[in-house]
Amino acid sequence: MTALVQSVQSFWQQTLRRPDLAWLAVALIYAALAALQPAVVMPTATFTLGALAQTAPFILFAVAVIGYLEATGAQSVVARAFQGRETSMIFAAALVGGLAPFCSCEVIPFIAALLVAGAPLSAIMALWLSSPLMDPAAFVITASALGFEFAVAKTVAAVSVGLLGGFAVKAMMHAGAFQGNMLLNPPTSCCGAKSTPKGDKPVWRFWQHEERRAAFWSAGLKNAVFLLKWLTLAYTLEALMIRYIPAETIAGFVGGDGVGTIMLSALLGAPAYLNGYAAPALVSGLMDKGMDPGAAMAFMIAGGATSIPAMTAVFALVKRQVFAAYLALAFTGAVLSGLVFALVAGA
């Protein structure tokens, strides 16, 4: 308990000396709402808190894993477990991501834990891109609104986009890209806690050592606050986008067909927030009005993978070259999915 108290005290001392931009942004957003549209404050806060409550188990899991790795000194052991398995891990990550019921923000804590554990960035990217695109419940809803063929195609697209991202990152890493730690804020012993003692073997029962307990609480607290603040900002932005920039407004610009329309659909869909359960009904209505099936697929894939809330969390988590690759691969995957589906649907 002493280690926890010391970690909390040191953390707050550093926090007060250096104001945080994420919390400042959240405060400014709510201050602006309170001044301009006070009736919107409570719905926005309720949405944000509800989304955080839903994501809390994932945050706690990731924080516990990160803290345990730091306290035991087991990062190198876990990293060795991933060596030589990159290709199989990319396939597994894309398949799991294509079926897992995670939205683009809920997967962030798992990404953080995997980066700390030493998993290959290629496999992480595969999971990152595929996970928000499809899950069993979304499959049923998509099939009912857009047809079984569209639902199957979107599932295949989700896995394929993950594979595209995974193997593209693998190729880039072999060419010399993404060297070193890709976390923007690597979890380490901080906040005034003593560094974890290093040795040849991990100390699995870290709680028997005062300095290792301090390292656990220090890393856990740092990363809990890190994930909480950026997800709070992400969900706040999500709530505002749903209210002020509805997806149907953006979708109104993507009528017609052809390669240009598919690319425009992916470009406009990227910042939009497309909930996997609400989007099928919206896209169904647009297709009834003449929207090309390929453009609809590109719009849904881009909107699921790279919404502004998701990009906010990603931007805060990883270094800029990884963030740029994430955006480029998501956009490319959305365009290719749209082109392929347009060919299949038109056959």
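All values derive from a computational prediction rather than experimental measurement.

On to a nonpolar patch on the surface, then. Side chains of Leu21, Leu24 and Leu28 sit close together on the surface and give an oily, nonpolar patch of about 330 Å² of accessible area. With respect to the secondary-structure elements, Leu28 resides in helix H2 (residues 21-36). For Leu28, a relative accessible area of 53% gives the class exposed.

Mapped onto the secondary structure, Thr142 falls in helix H8 (residues 136-146). Thr142 sits in the buried class, given a relative accessible area of 0%. Setting aside anything within four residues of it in sequence, one finds Thr142 in contact with Met134, Gly147, Phe150, Ala151 and Pro280.

A word on the packing of aromatic side chains. Scanning the model with the defined rule gives 6 aromatic pairs in all. Residues Phe216 and Trp217 carry aromatic rings whose centres are separated by 5.3 Å and whose planes lie at 75 degrees to one another, so their mutual orientation is edge-to-face. For Trp217, a relative accessible area of 35% corresponds to the partly exposed category. Following the ring pairs from residue to residue traces out a cluster consisting of Trp128, Phe323 and Tyr326.

So, on to the packing of helix H5 (residues 86-99) against helix H7 (residues 121-130). As a packed pair, H5 and H7 sit with axes 8 Å apart at the nearest point and diverge in direction by 15 degrees. In terms of axis orientation, H5 runs roughly parallel to H7. Judged by the twist between their axes, the crossing of H5 over H7 is right-handed. The residues of H7 that touch H5, namely those facing Glu86, Met89, Ile90, Ala93, Ala94, Gly97 and Gly98, are Ser122, Ala123, Ala126, Leu127 and Ser130. Within the contact of H5 with H7, the residues separate by chemical class into 7 nonpolar, 4 polar and 1 charged.

Right, let's get into the side chain of Lys154. Note on placement: Lys154 falls in helix H9 (residues 148-174). In this view, Lys154 contacts Leu133, Met134, Met297, Met300 and Ile301; residues no more than four positions away in its chain are not counted.

Another point: the environment of Phe150. Examined against the element boundaries, Phe150 turns out to sit in helix H9. Spatially, the C-alpha atom of Phe150 lies 8.7 Å from that of Pro293, the residues being 143 residues apart in sequence. The residues touching Phe150, leaving out its near neighbours within four places in the chain, are Thr142, Met287, Pro293, Ala296, Met297, Met300 and Phe341.

Calculation notes
- Residues numbered from 1 in each chain as written.
- Predicted model: local features only at pLDDT ≥ 70, side-chain atom pairs only at ≥ 80, totals over all residues.
- Heavy atoms only, no water.
- Patch = residues over 30% accessible without salt bridge, like charges linked within 9 Å, V, L, I, M, F, W, Y side chains within 5 Å.
- Areas by Shrake-Rupley, 256 points an atom, 1.4 Å probe, with all protein chains shown as cover.
- Salt bridge = Lys/Arg side-chain N within 4 Å of Asp/Glu carboxyl O.
- Helix = DSSP H or I, 4+ residues; strand = E, 2+ residues; numbered from the N terminus.
- Buried < 20%, exposed > 50% of the residue type's maximum accessible area, 1.4 Å probe, protein only.
- Contact = heavy atoms within 4.5 Å.
- Phe/Tyr/Trp six-rings, centres within 6.5 Å; stacked < 30°, edge-to-face > 60°.
- Axes fitted to C-alpha atoms, helices over the stretch in contact; angles between N-to-C directions.
- Parallel < 35°, antiparallel > 145°, perpendicular 65-115°, else oblique.
- Left-handed = near helix turned anticlockwise from the far one by under 90°.
- Nonpolar A, V, L, I, M, F, W, Y, C, P; charged D, E, K, R; others polar.

Just distances and angles here, no functional claims.
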